[in-house]
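# Report on the structure
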Amino acid sequence: MVKLEEVPDEELLAPQPGPLKDDEDEWDTDSDSVLSDPDDSDSPLDETLLDRLAALKDIVPPTYRKQLSQAASTGYTWGSRAVGLGGSALWVLNTSALLLGVPWALAFSEEQQVQEMEREMRMQQNAQGLLTQGAPAGAAPAL
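Residues numbered from 1 in each chain as written. Predicted model: local features only at pLDDT ≥ 70, side-chain atom pairs only at ≥ 80, totals over all residues. Heavy atoms only, no water.

## Considerations on the overall build of the protein
Counting its regular elements, the protein contains 3 helices and 0 strands. Reading the protein from its N end, one meets helices and strands in the order α-α-α. The buried share of the protein, reckoned over its 143 residues, is 0%. On the protein, roughly 14,500 Å² of surface is accessible, and the fraction owed to carbon and sulfur atoms is 61%. (Helix = DSSP H or I, 4+ residues; strand = E, 2+ residues; numbered from the N terminus. Buried < 20%, exposed > 50% of the residue type's maximum accessible area, 1.4 Å probe, protein only. Areas by Shrake-Rupley, 256 points an atom, 1.4 Å probe, with all protein chains shown as cover.)

Below you can see the structure in the form of structure tokens.
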């Protein structure tokens, strides 16, 4: 069996450096300080992304902000026009394909059916010709 023995930590029991008892008046933490107000809602945990982006307004110079705004506006305009033109082009292509493709597909399938029927008729005629060639001249074909 294992026996555990607690070893006291000497560093934990040693006195810690800090202000002396005489200097307590200088370290008054009960005063209303602007820097250490616990009720202040500007803590980093309460800050939203929108608040952070709004704070960037103070960092970026006005001329650069204007250039960024104009570039974003131009990009948005070009993008929206490109999407609009792309949608129109796709509509034209799809409509054309339907108006031209569907009738062509129907005509093509009908042509295939006609060719298949012609081939079957030729095969039947060839088979009929083989039967009549092998029979005597005066005999009637059997039904």
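Structure shown, so let's carry the discussion forward.
## Brief notes about the packing of aromatic side chains
Applying the stated rule across the entire model yields 1 aromatic pair. Each ring, one from tryptophan 104 and one from phenylalanine 108, has its centre 5.3 Å from the other, and the planes form 20°; the classification is stacked. Residue tryptophan 104 and its partner phenylalanine 108 are located together in helix 3 (residues 62-134), separated by 4 residues, close to a single helical turn. Residue classification places tryptophan 104 among the exposed positions, given a relative accessible area of 58%. The class of phenylalanine 108 is partly exposed, set by a relative accessible area of 43%. (Phe/Tyr/Trp six-rings, centres within 6.5 Å; stacked < 30°, edge-to-face > 60°.)

## Quick notes on the pattern of salt bridges
Under the counting rule described, the total for this entry stands at 2 salt bridges. Between glutamate 47 and arginine 52 there is a salt bridge whose closest N-O contact spans 3.3 Å. Exposure remark for arginine 52: the relative accessible area of 46% places this residue in the partly exposed category. (Salt bridge = Lys/Arg side-chain N within 4 Å of Asp/Glu carboxyl O.)

## Here's the deal with the environment of threonine 48
Structurally, threonine 48 can be placed in the loop between helix 1 (10-13) and helix 2 (49-59). Reaching out from threonine 48, the side chain makes a polar contact with the side chain of aspartate 51 at a distance of 3.1 Å. (Polar contact = N/O pair within 3.5 Å; in protein donor to acceptor, adjacent residues only side chain to side chain.)

## Details of a nonpolar patch on the surface
Together, Leu49, Leu53, Leu56 and Ile59 make up a nonpolar patch on the protein surface, roughly 430 Å² of accessible area in all. The residue isoleucine 59 is located in helix 2 in this model. Residue classification places isoleucine 59 among the exposed residues on the basis of a relative accessible area of 63%. (Patch = residues over 30% accessible without salt bridge, like charges linked within 9 Å, V, L, I, M, F, W, Y side chains within 5 Å.)

## Overview of the confidence of the model for the protein
Chain-level statistics for the protein give a pLDDT mean of 82 and a share of 75% at 70 or above. Across the protein, the element-wise mean pLDDT spans from 80 in helix 1 up to 94 in helix 3. (pLDDT = per-residue confidence, 0-100.)

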